[in-house]
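Close look at the chain arrangement
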Amino acid sequence: MVPHLITALTGPISELEQRVLDSMPAIERWFRLEWMEHTPPFYSSVDVRNAGFKLAPVDTDLFPASWHNLTPSMLPLAVQAAMAAIEKICPEARNLLIIPENNVRNTFYLSNLAQLRRVFHMAGLNVRIGSISPDVKKATKIELPDGESITLEPVIRTRGRLGVKDFDPCTILLNTDLSAGVPGILEDLNEQYLLPPLHASWTTRRKSMHFKCYEEVCKRFGKLIGVDPWLINPMFDKCGAVDLDSEEGLQTLTTHVDALLTKIRKKYKEYGIKEKPFVIVKADNSSSGMGILTVRDINDLAAFKVKARGGAAALTGVQELILQEGVLTNERMNDAVAEPVVYMMDRYVVGGFYRIHADRGVDEALNAPGSSYVPLAFVESTHLPQPGVRPGASAPNRFYMYGVIGRLAMLAASYELEATDPDAEHYE
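Residues numbered from 1 in each chain as written. Predicted model: local features only at pLDDT ≥ 70, side-chain atom pairs only at ≥ 80, totals over all residues. Heavy atoms only, no water.

1. A word on the packing of helix α2 (residues 24-37) against helix α8 (residues 399-420)
For clarity, the threshold we go by: Orientation is described by axes fitted as lines to C-alpha atoms, over the contacting stretch for helices, and by angles from 0 to 180 degrees between their N-to-C directions. Starting at the N terminus, helices and strands are each numbered in turn, a helix being any DSSP run of H or I of at least four residues and a strand any DSSP run of E of at least two. Throughout this description, any angle smaller than 35 degrees is read as roughly parallel, any larger than 145 degrees as roughly antiparallel, any in the 65 to 115 degree range as roughly perpendicular, and the remainder as oblique. Handedness of a crossing follows from how the near helix is turned relative to the far one, being left-handed for an anticlockwise turn of less than a right angle and right-handed for a clockwise one. Residue contacts are counted whenever heavy atoms from the two residues lie within 4.5 Å of one another. Residue polarity follows a fixed list, in which Ala, Val, Leu, Ile, Met, Phe, Trp, Tyr, Cys and Pro are nonpolar, Asp, Glu, Lys and Arg are charged, and the others, Gly among them, are polar.
Two elements in contact, α2 and α8, have axes whose closest approach is 12 Å; the angle formed by their N-to-C orientations is 20°. In terms of orientation, α2 and α8 fall into the roughly parallel class. The way α2 lies across α8 gives a crossing that is left-handed. Note on element contacts: α8 touches α2 through Tyr400, Val404, Arg407, Leu408, Met410, Leu411, Ser414, Tyr415 and Glu418, opposite Met24, Ile27, Glu28, Trp30, Phe31, Glu34, Trp35 and Glu37. By residue class, the composition of the contact of α2 with α8 is eleven nonpolar, one polar and five charged.

Quick look at the structure:
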């Protein structure tokens, strides 16, 4: 199930949200059956945007950081989910090694590692943090702002197994998306579980593949609850590799953007939506929020051309691009534009928080420098539906919808990982 968390939206429930809430038993059964057939990613986080008329994921991270933004009251859920996840993979597990990003000077990121260590320690595992960075040559203790500390130790590889000094783990948890490539030290391990698998990294992964799988999931889910899949699915187009420094490359991008904007306008007209549609252009193979471009009109690309020629654009050179239908966000926290981020471990929603950005608009990406995070709190138990109380007397679990969207994206990620698994037998 999904935790009962307070969301920034307090207005009336939209028709789509009501349909999801009314279909809860059918939805939960559907997910149960899906998880009998497919393996969920070990952990994941999903950025969700709620436009009122549309509720959709805009990004799915299979190596989520920012675990420290979950409140202490969410920890029991995360611990239970961690126990379930580990039990499935390695029931006799005793030792877990966490491998972080190489660049670990950021204290927020280090606090995230401390939270992950806490979760798995409470799940009954001995946990150490082993770095594969060439800069970490000896055990290094780092003090954190909240008084905690973590120790980074250099990873040692012996006889095809990874560990740190006097520590041989059966399970290795990657908390780095390996966007710079897979280092040889992680390959061909001997009887150790590497989570998530290497093909979940951006070396293999493509956003376009993920959203293709998500589109498939949405068609089936839309049929289940009787809604147009578009209401939960951002349209997308894979632009492929284009040279953004050339006239030809920019022309290709313009043609693709124009075609997608036309499709979105048609849908907006069908639903009587008065908002101005927009398209998000981003790298197909990166988790970074950098280099994202919001296009409301193809004339916006003319300004981008000028920027690119001056070397001021973050998206330059030959890039694999994905174009995604932009989804507005109706949510605000402290007057700043906000989007909920749903955190999951195994098949369970364990919590969430808001990413907010005071300098961004409702139609812009919030995963950018200057963003901050506001933890979500649990709803008071008195607000839970009471037996015998008239319908509507207690607050509905609005966060449930975000949990459903998050799990749909997680299910799409499991389809995606099955399709790209180099060891799987694929049948045409």
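2. Observations regarding the packing of aromatic side chains
Formally: Pairing of aromatic rings covers Phe, Tyr and the six-membered ring of Trp, with a centre-to-centre limit of 6.5 Å; geometry is then stacked below 30 degrees between planes, edge-to-face above 60, and tilted otherwise.
Per the counting criterion, the structure on display carries 15 aromatic pairs. Taking the centre distance of 6.0 Å and the plane angle of 20° together, the rings of Tyr43 and Trp67 count as stacked. Taken together, the residues span a long stretch of sequence, with Tyr43 in strand β1 (residues 43-50) and Trp67 in the loop between β2 (55-61) and α3 (75-89) at a distance of 24 residues. Each ring, one from Phe399 and one from Tyr402, has its centre 6.0 Å from the other, and the planes form 85°; the classification is edge-to-face. One end of the pair, Phe399, and the other, Tyr402, are both in helix α8, three residues apart, so they sit about a helical turn from each other.

3. Some remarks on the packing of helix α5 (residues 207-225) against α8
Running from N to C, α5 and α8 point in directions that differ by 125°, and their axes come no closer than 8 Å. Judged by the inter-axis angle, α5 sits oblique to α8. As for how α5 packs across α8, the hand of that crossing is right-handed. Residues Met209, His210, Cys213, Tyr214, Glu216, Val217, Arg220 and Phe221 of α5 pack against Val404, Ile405, Leu408, Ala409, Leu411, Ala412, Ala413, Tyr415, Glu416, Ala419 and Thr420 of α8.

4. Side note on the sheet that holds strand β3 (residues 95-100)
Put simply, the rule is: Here a strand pair is declared whenever DSSP counts at least two bridges between the two strands.
Ordered by their spatial adjacency, six strands build an open sheet running β5-β6-β4-β3-β9-β10, and the pairing between neighbours is mixed. The open sheet is flanked by β5 (140-143) and β10 (193-195), the only strands paired with a single partner. Neighbour to neighbour, the strand axes of the sheet diverge by 30° on average, direction disregarded. Note that β5 and strand β6 (residues 149-154) share four bridges and pair antiparallel. By the bridge assignment for β6, Glu143 is matched with Ser149.

5. Focus: the pairing of strand β17 (residues 348-357)
Our working rule: For every residue, the accessible area obtained with a 1.4 Å probe (protein chains only) is divided by the maximum for its type, and the residue is called buried under 20%, exposed over 50%, and partly exposed between those limits.
Within β17, nine of the ten residues are buried, leaving the element largely enclosed by the surrounding structure. In textbook terms, the turn of a hairpin is the stretch between consecutive antiparallel strands, and for strand β16 (residues 336-345) and β17 this stretch comprises two residues, one of which, Asp346, has a positive phi near 55°. Direction of pairing for β17 relative to strand β18 (residues 372-375): antiparallel, over a ladder of four bridges. Bridge pairing links Tyr354 to Val374 in β18.

6. Some words on α5
Quick note on the threshold: Multiplying 1.5 Å by the residue count of a helix minus one yields the expected span of that helix.
An ideal rise of 1.5 Å per residue puts 27 Å on 19 residues; α5 measures up with 26 Å between its terminal C-alpha atoms. Among all positions in α5, only Lys207, Ser208, His210, Phe211, Cys213, Tyr214, Val217, Cys218, Phe221, Gly222 and Ile225 are buried. Phi turns positive one or two residues past the end of α5, at Gly226, with a value near 75°.

7. Some words on the nonpolar core
Rules: Nonpolar cores are built from buried Ala, Val, Leu, Ile, Met, Phe, Trp, Tyr and Cys residues. Side-chain atoms within 4.5 Å join them into one set.
Phe120, Tyr214, Leu253, Val281, Met345 and Leu408 are the most contacted members of the largest nonpolar core, which has 107 residues in total. With twelve residues, α8 is the single largest residue contributor to this core. If sequence neighbours within four positions are ignored, Phe120 has contacts with Phe42, Ala82, Ile86, Leu96, Leu125, Val127, Leu173 and Met345. Among the nonpolar cores identified, the runner-up in size contains 18 residues, and Ile132, Val164, Leu178 and Leu417 belong to it.

8. Thoughts on the environment of Asp359
Among the secondary structure elements, Asp359 is positioned in the loop between β17 and β18. Residue Asp359 is classed as exposed on the basis of its relative accessible area of 67%.

All quantities given are derived from atomic positions and should not be read as evidence of function.
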